[in-house]
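Here are the chains, one letter per residue:
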Amino acid sequence: MIFRISVSAPPICEGEILRYAGSFQNDPQTVALLRECLEEAEGKFTYRVCYRLLEEDNALLASEPLKAYFSPCKKRVVFAATVGVEIDRLITKYGRISPARALMLQAIGTERVEALCDAFCQSLEREYQMKAVRRISPGYGKLPLSLQKEIFDLLDCQRQIGLTLGSSLLMCPTKSVTAFVGLKERT
Amino acid sequence: MNFREFLKENIVCLDGGMGTLLQGKGLLPGEDPERWNLSHPEVIREIHRGYFNAGSNVVCTNTFGANILKFSEKELEAILTAAVENAKAAREASSSQKERFIALDIGPTGKLLKPLGDLDFEDAVEVFAKTVRIGARLGVDLVMVETMNDSYETKAALLAVKENSDLPVLVSNAYGEDGKLMTGATPAAMVAMLEGMGADAIGANCSLGPVQLRSVVEVLLEKASVPVLCKPNAGLPKCVNGETVFDVTVEEFSEEVASFVKKGVRLVGGCCGTTPEYISNLCSKAASLAPVPLKEKNFTVISSYTHALEFGEKPVLIGERINPTGKKRFKQALLEGDMDHILTEGVNQQEKGVHVLDVNVGLPEIDEGAMLKEAVCRLQEVTDLPLQIDTASVSAMEGALRRYNGKAMINSVNGKRESMEAVFPLVKKYGGLVVALTLDENGIPETAEGRVKIAQRILKTAEGYGIAGKDIIFDTLAMTVSADNRAALATLSSLKTIKESLGCHTSLGVSNVSFGLPCRDAVNSTFFTMALENGLSAAIMNPYSPDMMKTYYAYCALKGLDENCAAYVAHAELFATVSAAPLLQKKPSEEAASELQRAIIKGFRDQAGAITKKLLATVPPLEIVNGEIIPALNRVGEGFERKTVYLPQLLMSAEAAKSAFEEIKTFLSDGEKKEGKGTFVLATVHGDIHDIGKNIVKLLLENYGFDVVDLGKDVPPEKVLEAVSELRAPLAGLSALMTTTVPAMEETVRLLKEKAPWCKIVVGGAVLTAEYAALVGADHYAKDAMETVRFAQRIIG
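About the criteria used
- Residues numbered from 1 in each chain as written.
- Chains lettered and ligands numbered in written order.
- Predicted model: local features only at pLDDT ≥ 70, side-chain atom pairs only at ≥ 80, totals over all residues.
- Heavy atoms only, no water.
- Helix = DSSP H or I, 4+ residues; strand = E, 2+ residues; numbered from the N terminus.
- Buried < 20%, exposed > 50% of the residue type's maximum accessible area, 1.4 Å probe, protein only.
- Areas by Shrake-Rupley, 256 points an atom, 1.4 Å probe, with all protein chains shown as cover.
- Lys, Arg positive; Asp, Glu negative; His and termini not counted.
- Charge placed at Lys NZ, Arg CZ, Asp CG, Glu CD.
- Rg over C-alpha atoms; globule rule 2.2 N^0.38 Å.
- Contact = heavy atoms within 4.5 Å.
- Pairing = 2+ DSSP bridges.
- Axes fitted to C-alpha atoms, helices over the stretch in contact; angles between N-to-C directions.
- Buried area = accessible area lost by both parts, 1.4 Å probe.
- Salt bridge = Lys/Arg side-chain N within 4 Å of Asp/Glu carboxyl O.
- Polar contact = N/O pair within 3.5 Å; in protein donor to acceptor, adjacent residues only side chain to side chain.
- Nonpolar A, V, L, I, M, F, W, Y, C, P; charged D, E, K, R; others polar.
- 1 Å grid on protein atoms, 1.4 Å probe; cavity = no way out; pocket = protein on both sides within 12 Å on 5 of 7 lines; lining within 4 Å.
- Points joined across faces, edges and corners; volume = space filled by probe spheres on them.
- Phe/Tyr/Trp six-rings, centres within 6.5 Å; stacked < 30°, edge-to-face > 60°.
- Lys NZ or Arg CZ within 6 Å of the ring centre and 35° of its normal.
- Core = buried A, V, L, I, M, F, W, Y, C linked by side-chain atoms within 4.5 Å.
- Expected span 1.5 Å × (residues − 1).

*Asks:* An account of the overall build of chain B is requested, with residue identities and associated values reported.
*Replies:* Summing up its helical and strand segments, chain B has 30 helices and 25 strands in all. Taken along its principal axes, the extent of the C-alpha atoms in chain B is 90 × 75 × 50 Å. Taken across its 797 residues, chain B has 57% of its residues classed as buried. A total accessible area of about 31,800 Å² is found for chain B, and carbon and sulfur atoms account for 53% of it. Each charge sign in chain B was given a centre, from 84 positive and 104 negative side chains, and these centres are 1 Å apart.

*Asks:* Residues and numbers for the overall build of chain A, please.
*Replies:* Secondary structure assignment for chain A yields seven helices and seven strands. Computed over its C-alpha atoms, the radius of gyration of chain A comes to 17 Å, within 12% of the 16 Å expected for a compact globule of 187 residues. Overall size of chain A, expressed as C-alpha extent along the three principal axes, is 55 × 40 × 30 Å. In chain A, once contacts between residues fewer than 6 apart in sequence are set aside, the share between residues at least 24 apart is 78%.

*Asks:* Now, about the sheet that holds strand β15 (residues 387-390) of chain B: what can you tell me, with residues and values included?
*Replies:* Strand pairs in the sheet, formed through backbone hydrogen bonds, run parallel or antiparallel to each other. Residue and element names in this part refer to chain B. Reading around the circumference, β13-β14-β15-β16-β17-β18-β19-β20 is the order of the eight strands in this closed barrel, with parallel pairing throughout. Each strand axis lies, on average, 30° off the axis of its neighbour in the sheet, ignoring direction. Both strand β18 (residues 472-475) and strand β19 (residues 505-509) contribute to a ladder of three bridges, which runs parallel. The residue of β19 that forms the bridge with F474 is T506.

*Asks:* Help me get a handle on the interface of chain B and chain A, residues and values and all.
*Replies:* Taken together, the 63 residues of chain B in the interface contact 52 residues of chain A. With both chains or domains summed, chain B and chain A bury close to 4,700 Å², and 59% of this area falls on carbon and sulfur atoms. Counting every contact that joins chain B to chain A gives two salt bridges. A salt bridge links E177(B) to R48(A); its shortest N-O distance comes to 3.9 Å. For the pair chain B and chain A, the interface holds 15 residue pairs in polar contact (both at pLDDT 80 or more). Among the elements that line the side of chain B that touches chain A, the one with the most residues is helix α25 (residues 647-668) of chain B, at seven residues. Residues that form the side of chain B that touches chain A fall into these classes: 28 nonpolar, 20 polar and 15 charged.

*Asks:* Can you tell me about empty space enclosed by the protein, naming the residues and giving the values?
*Replies:* Scanning the entire structure with this criterion turns up two cavities of 30 Å³ or more. The computed volume of the largest cavity comes to approximately 90 Å³. Considering the residues around the largest cavity, the lining is formed by G95(A), R96(A), I97(A), P99(A), D340(B), E655(B), K658(B), N695(B), K698(B), L699(B) and E702(B). Elements that contribute at least two residues to the lining of the largest cavity include exactly α4 (86-97) of chain A together with α25 and α26 (692-703) of chain B. Considering every element that reaches the lining of the largest cavity, the biggest residue donor is α26(B), with four residues.

*Asks:* Report on the sheet that holds strand β4 (residues 131-132) of chain A, specifying residues and quantitative values.
*Replies:* Residues and elements named next belong to chain A. Taken together, the five strands give an open sheet; going across it, the order is β1-β2-β3-β7-β4, and neighbouring strands pair in antiparallel fashion. Edge strands, defined here as strands with exactly one partner in the open sheet, are β1 (3-6) and β4. Of the strand pairs in this sheet, β1 and strand β2 (residues 48-53) are connected by four bridges, and their pairing is antiparallel. When the bridges of β2 are listed, I5 appears paired with V49. Each of β1, β2, β3 (75-82), β4 and β7 (176-184) touches helix α5 (residues 99-128); the most contacted strand, β3, lies at about 150° to it. Lying over the sheet, helix α6 (residues 147-155) contacts β2, β3 and β7, oriented at roughly 80° with respect to β7.

*Asks:* Residues and numbers for the packing of aromatic side chains, please.
*Replies:* Using the criterion set out here, one finds 13 aromatic pairs over all chains in the structure. Ring centres of Y69(A) and F70(A) lie 4.9 Å apart, and the angle between their planes is 70°; on these two criteria the pair is classed as edge-to-face. Summarising the burial analysis for this pair, Y69(A) and F70(A) share the class buried. Each ring, one from Y552(B) and one from Y553(B), has its centre 5.0 Å from the other, and the planes form 70°; the classification is edge-to-face. Y552(B) sits in the buried class, given a relative accessible area of 4%. Overall, Y553(B) belongs to the buried group, its relative accessible area being 6%. Taken together through their ring pairs, the aromatic side chains of F3(A), Y51(A), F79(A) and F120(A) make up a single cluster. Between the NZ or CZ atom of R101(A) and the centre of the ring of Y94(A), over which it lies, the distance is 5.3 Å. Cation over ring: R159(A) sits above F64(B), and NZ or CZ is 4.4 Å from the ring centre.

*Asks:* I'd like a rundown of the nonpolar core, residues and numbers included.
*Replies:* Counting 273 residues, the largest nonpolar core has F79(A), F180(A), F424(B), I472(B) and I629(B) as its most contacted members. Those residues in contact with F180(A), other than ones at most four positions away along the chain, are L54(A), L60(A), L66(A), Y69(A), F70(A), V77(A), V78(A), R135(A), I136(A), L143(A), L147(A) and I151(A).

*Asks:* Describe unusual backbone geometry, listing the residues and the values that go with them.
*Replies:* Residue P173(A) is reached from C172(A) by a cis peptide bond, and omega for that bond is -5°. Relative to the elements of secondary structure, P173(A) occurs in the loop between β6 (171-172) and β7. Cis geometry marks the peptide bond from K114(B) to P115(B), where omega comes out at 5°. Assignment of secondary structure puts P115(B) in the loop between β3 (101-106) and α6 (121-137). The phi torsion at C519(B) lies on the positive side, around 45°, for a residue other than glycine. By the secondary structure assignment, C519(B) is in the loop between β19 and α19 (520-533).

*Asks:* Describe the side chain of S207(B), and please don't skip the residues or the numbers.
*Replies:* One can find S207(B) in the loop between β6 (201-205) and α9 (210-223). Judged by its relative accessible area of 10%, S207(B) is buried. Excluding its chain neighbours within four sequence positions, the residues that come into contact with S207(B) are R4(A), A174(B), Y175(B) and N233(B).

*Asks:* For the side chain of N360(B), give the residues involved together with the corresponding values.
*Replies:* Residue and element names in this part refer to chain B. Mapping N360 onto the fold places it in the loop between β14 (356-359) and α14 (368-382). Its relative accessible area of 15% is what places N360 among the buried residues. A polar side-chain atom of N360 sits 3.0 Å from the main-chain amide nitrogen of G362. Within the local environment of N360, its side chain forms a polar contact with the side chain of D390, the two groups lying 3.5 Å apart.

*Asks:* Any chance you could break down helix α20 (residues 546-558) of chain B for me, citing the residues and the numbers?
*Replies:* Residues and elements named next belong to chain B. With 13 residues, α20 extends 18 Å between its outermost C-alpha atoms, agreeing within 8% with the 18 Å of an ideal straight helix rising 1.5 Å per residue. For α20, the complete set of buried residues consists of M548, M549, T551, Y552, Y553, Y555 and C556. In the segment just after α20, G560 is the residue with positive phi, at about 75°.

*Asks:* Describe the environment of R89(A), listing the residues and the values that go with them.
*Replies:* In this fold, R89(A) is placed in helix α4. Considered as a pair, R89(A) and K44(A) are 45 residues apart in the sequence and their alpha carbons are 9.8 Å apart. Dropping the residues within four chain positions of it, R89(A) is found in contact with L116(B), T183(B), Y305(B), T306(B) and E381(B).

*Asks:* Could you give an account of the pattern of salt bridges, with specific residues and numbers?
*Replies:* Counted under the stated rule, the structure contains 59 salt bridges over all chains. A salt bridge links D32(B) to R35(B); the nearest nitrogen and oxygen atoms lie 2.9 Å apart. Put simply, D120(B) and R403(B) hold a salt bridge, and the shortest N to O gap is 3.3 Å. Of the two residues, D120(B) sits in the loop between β3 and α6 while R403(B) sits in helix α15 (residues 394-403), which places them 283 residues apart along the sequence. Each member of the pair, D120(B) as well as R403(B), is classed as buried. What emerges from the salt-bridge pattern is a single network uniting R96(A), D340(B), D691(B), K694(B), K698(B) and D710(B).

So this is what it looks like as structure tokens:
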């Protein structure tokens, strides 16, 4: 069964955003730009996740990297998370008329969706009283990007959270994540 | 009885969930339910029959995802044939005595449309059209477009149904907890667009339970003149003892949905989690209710992809600046295909407070149809304001209306027969609020009576096309008062008559009135006030004029349209005399650098522009470029390479430099076009829609004097070749962010190397490395934008 949840906005980490924007020494102008962008992006996010628990016999779990990843785990979760389409609109808007803003908004979007994933994994930990192993996503490490198709079929992402997969396996809205997360007993 | 007739007089019971029932029958996670039409016809028939027996008047075929993106043409045909057969067999087999219809069910494609996603609008229309053509041939009674969570895709689907069948069509959207579609449209915006295009009923389904959908349904009922439909979920799924249950019970569900019927909803059913039991209970409740008669709503409304805009007491401001008439810089931008200039005009006018943007890109030297379509598409990427499509070319008008994501304003039709015959069919097909000029074959009548007479004739003709008076807004034509001192009076008096006796809204291009006079703002803003007092609903005006904006805010405050005068107070700064941008304080360490250089280094965009404008009065443009802008850019660029300046700062400086260049360009636009260093063709490769990196490269290249031709994102290899060949460009830059799009980059490089061997190719993007770049055959890999500039300088600098 697919579950769908809306998460309340996780706290914003400005340091993370600046790091994503490629700024490692923060002069007042950069920080001012960040604050302006945060103000413009405020209220433009929806925090949505859909997920399902994978049974041990799920065909996906036959793949070697997933088998290895889940081997210490008692629960196996696949999820998709998105912060919605409005941030993409802002990024597109400024991509043409102010690349500096577009860059910063892009970084804000990345920080937001990562924070959403963190919040979701923490909620799983609370619900099952277990420890979440660091999540893994298709296209990173040994997990092929082509897994996206199976994940989208399994999670009915478009209907559940409005997330779609383009022909080059690009997710739209772009500030979205699909991932596997395993839960193991707390030691 | 046909479905349209049945809908007129009755409450229509729709069916309930399909997917959840199929899972109960063994449909596996991730398996396509549409294939079950062929593999398990008995299961599908049993479910359909269950709904007919429960009292449904309409059963939707099991074809939610049946489209050519998911299935081959052959399989699609087989699936649709089996699906319609299954529904027909169930109708035959059911014991119900009610009227029973079969709806071809159409769900979303599963892809997001451009610009947010990668599916082209026309491709989406064609995907839906294929399904509609087959379905219509198989003899369904109606079409149900459902669970659409994007307004643009909804438009594509409805257009496909309308263009490929005469079937009645119900259109239903999936709204989120925030009461909007995933891509932002409100229910009022959807009503404006869908009613304009001729949907037979409009509604909401899926995603939420009935209680959460209540507020959406209330808006639909308030705004729509056509019947409203509602098909909620049985709440949210929960896992109880390993079983999936939905958290709204049969009784709660039917109670709430029946209450919608009492409020006026005319078509009801259920979506995910509902079963024949839910529908049976709902149908018996509905049977005891009388249908609430439909009422024609008299709203004059337009919409964008996010919101609807109603014309009423509060004047609507239509920004006039996207128009080449009398604007050299804008003309130059059109001739050069400089879309960024046009987009910036759009964003700036929105910031000044207009509600609608007029879009006119007509020039004899360019292909207006292509440019208007492009401008409308691009503007919809940067602003959520409704647009007014302003063109004398009917084909350009149609191209733009097709691509417009909402209900547009259309500028214009007039009393000439030829004009009405060309424009009204487009208004009828695509929806729209059309500006009607009170002139005809005999020109513009001098008297108010003459203009009102034309207005009456226009209304009557429109009625013949099925276009109501609420969708026509009259422009009584502001003529130049310097040529005829009674001109303004005739315009004003016809405004008043049209508003009062014909009950229609009015619009004026205000600025014409002052043509040929000095201090035009004073005449315009006074005329604006007089027109408003005579019932003007909307003004096409210049929002950069403080006088006009003052008039607007003061008028609203005085008319009781601005609570606590809040908007007036908030914009009071407009009323102070505008002083020059404050200049920067000098710091001793920066003594050597000039004011302009410091503004650029610090990334102060507005100041950089203002200082340049001032300098241009005394310093030759080239001296400003070579003596100020380039040295400042170099300093920042070198800092970036030494890692003392980071990317956001580099970009802010580049934008400040760009605004300085923009002033110089405006200053020079009278004179000869200056020779650039050479053309650099830039594109994000096919299949990839990431363009931040590419835009950054573009900005820096322009700063360093290169002519950049930006082909945008998701660009096919042939298009890159075409541009490179046509311009004989010495340089091309390609960007790719995904591993899956690197093959498209390789293909583009191969094509260029074969057909345009003179062109040096530089590549970049998150997944690329120098090795990868060599592998795809590029001449150079640039790790960032500065390196691209340096490479370009080495080649043609």
